[in-house]
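Summary of structural features
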Amino acid sequence: MRILKMQSKFLDVFLESLEKFGALYGPVRRNGILTFDRVEKTSELEISDDHPMIPLKKLFHPKRFTMLHFNEKGFYPDYSMIEKRIIIGVHPCEIHGLLRLDEIFLKEPADPYYAGLRENSLIIGFSCMPTESSICKSAGTDIVEEGFDLFFVNLKEFYLVWVGSSRGHDMIYEREEFFEEDVSHDDIQKYIEWRNKRNKVFKTHIDFKSMPDIMELSHDSEVWDYFADKCLSCGQCSMVCPTCNCYNVTDVFDVTNETTGRRERVWDSCMFVDYSLVSGDHNFRAKRADRLKLWYTHKLKSFGSEYGSPGCIGCGRCVETCPVDINVLTVSQALTNREVPQK
Ligand code: SF4
Ligand code: SF4
């Protein structure tokens, strides 16, 4: 992979030169909250170590959108949300989250909405330092080798820039004069020092390799009842998790005409009590303990059996979000130690 060097002072001008590749998106503050959104100017971007609480999945698997319109003659897919975009400031674990979603949505038959959004999006990744709750080192998602067009590692006075695709090269050619081919021994040393310093900052760890066996052995563990007593079934953990991808589909009829309307797709969560409700009023997971077990079994065992990597990319959002401290850390620790957390 080609690695170039760019002085930090050129970053803003370089990013501004990319507008012709599509609408700009990235982390931006809206009403005081960091979120991935469209920006008019690159000066609005807030690229930092913090992550938006709602992950990048919202730009590829939107919270709510119209899939199609229908009338008495048939139906017409609505792809109007698909546009050419550049998404800037994407952290490594978030890129891994997208690669996990690719496994689900691009598997044949591919989801045309996700595929269209993915195909029309350029990804510019940025390095970050771990936060208190980052588990990405354990998940192997603290570095990234694919899934981006450009990736910037911030070494203060300069960036090392990984070029990950031919579209990445096209962006570089826009301001070729900013990029140096010669990456010196000293530059590489600085990169290694940065990696070592970063590795020492991680405070939390999960042994993801042993989790599938532990999950298998924990089917009847009292740990599930302990967490079920606390869980509020609010579904926040699913909303913030970059790999959660469940949705519901609803037909909305026009008020003036009973044969026309639209089909909407909306995020859903297996933590909600009505998620497994089927006709006849049967509910396969009416108990909170069963829903928690499903969520964590999927993240820590079955996703890995099917796709080769865990369904957790270690972003730490469930750690920061759950109001009653149920998260991938507390659950995996309780299952591993065979004891519930002390109050
Ligand atoms: S585990 Fe926490 S965030 Fe998830 S549904 Fe239960 S209370 Fe809400
Ligand atoms: S389970 Fe928690 S830490 Fe893992 S990817 Fe989901 S939100 Fe992030």
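Use the structure listed above.
Let us look at the structure shown here. Just so it is clear, the structure is predicted and the values come from calculations on it, not from any experiment. (Residues numbered from 1 in each chain as written. Chains lettered and ligands numbered in written order. Predicted model: local features only at pLDDT ≥ 70, side-chain atom pairs only at ≥ 80, totals over all residues. Heavy atoms only, no water.)

What follows deals with the site of ligand 2. Lining the immediate environment of ligand 2, one finds C241, P242, W295, K299, C312, I313, G314, C315, G316, R317, C318 and V328. Sorting the residues of the shell around ligand 2 by element identifies α10 (288-307) and α11 (317-321) as the ones contributing at least two each. Of the residues belonging to the shell around ligand 2, the class tally is 8 nonpolar, 2 polar and 2 charged. (Near = heavy atom within 4 Å. Helix = DSSP H or I, 4+ residues; strand = E, 2+ residues; numbered from the N terminus. Nonpolar A, V, L, I, M, F, W, Y, C, P; charged D, E, K, R; others polar.)

On to the pairing of strand β8 (residues 150-154). The element β8 is largely enclosed, with a buried count of 4 among its 5 residues. Here strand β7 (residues 121-126) runs beside β8; their pairing, made up of 3 bridges, is parallel. By the bridge assignment for β8, G125 is matched with F151. Across 5 bridges, the pairing between β8 and strand β9 (residues 158-163) is antiparallel. Paired with F152 across the two strands is V161, which belongs to β9. Hairpin connection between β8 and β9: a loop of 3 residues separates the two successive antiparallel strands, and K156 in this loop has a positive phi of roughly 70°. (Buried < 20%, exposed > 50% of the residue type's maximum accessible area, 1.4 Å probe, protein only. Pairing = 2+ DSSP bridges.)

This part covers the layout of surface pockets. Computed from the structure, the largest pocket encloses a volume of approximately 370 Å³. As for the largest pocket, its lining consists of 17 residues, and the residues nearest its centre are M129, N154, L155, K156 and W194. At 4 residues, the largest contribution of residues to the lining of the largest pocket is made by helix α6 (residues 185-201). (1 Å grid on protein atoms, 1.4 Å probe; cavity = no way out; pocket = protein on both sides within 12 Å on 5 of 7 lines; lining within 4 Å. Points joined across faces, edges and corners; volume = space filled by probe spheres on them.)

Note that the residue after E108, namely P109, is joined by a cis bond; omega there is 0°. Tracing the backbone through its elements, the reader meets P109 in the loop between α2 (92-105) and α3 (112-119). Within the chain, S233 stands out as a residue other than glycine whose phi angle is a positive 55°. Assignment of secondary structure puts S233 in the loop between α8 (223-230) and α9 (236-240).

Inspection of the secondary structure assignment puts K230 in helix α8. The sequence separation of K230 and S8 amounts to 222 residues, and the corresponding C-alpha distance is 48 Å. Excluding anything up to four places from it in sequence, K230 contacts V324, D325 and I326. Side-chain polar atoms of K230 contact the backbone oxygen of V324, separated by 3.0 Å. (Contact = heavy atoms within 4.5 Å. Polar contact = N/O pair within 3.5 Å; in protein donor to acceptor, adjacent residues only side chain to side chain.)

Within the open sheet, the 8 strands sit side by side as β3-β2-β6-β7-β8-β9-β1-β10. Their pairing is mixed. The open sheet has two free edges, formed respectively by β3 (33-39) and β10 (179-180), since each of these has just one partner strand. Across the sheet, α6 touches β1 (2-7), β8 and β9, and the angle it forms with β9 is around 90°. (Axes fitted to C-alpha atoms, helices over the stretch in contact; angles between N-to-C directions.)

As a further point, take the site of ligand 1. In the vicinity of ligand 1, the contacting residues are C231, L232, S233, C234, G235, Q236, C237, C322, V324 and I326. When its residues are assigned to classes, the shell around ligand 1 shows 7 nonpolar, 3 polar and no charged.

Taken together, the side chains of D12, E16, E19 and E40 make up a negatively charged region of the molecular surface. For D12, a relative accessible area of 47% puts it in the partly exposed group. (Patch = residues over 30% accessible without salt bridge, like charges linked within 9 Å, V, L, I, M, F, W, Y side chains within 5 Å. Areas by Shrake-Rupley, 256 points an atom, 1.4 Å probe, with all protein chains shown as cover. Salt bridge = Lys/Arg side-chain N within 4 Å of Asp/Glu carboxyl O. Lys, Arg positive; Asp, Glu negative; His and termini not counted. Charge placed at Lys NZ, Arg CZ, Asp CG, Glu CD.)

So, on to the pattern of salt bridges. Opposite charge on two side chains makes pairing possible when the charged atoms of those side chains draw close. By the definition in use, this model includes 21 salt bridges. Across the pair D149 and R167 runs a salt bridge whose closest N-O atoms are separated by 3.9 Å. Linking D149 in the loop between α4 (136-139) and β8 with R167 in helix α5 (residues 166-174), this pair joins segments that are 18 residues apart in sequence. Each of R30, D37 and E44 takes part in salt bridges that share partners, so that together they form one network.

Just geometry here; none of it tells us what the structure is for.
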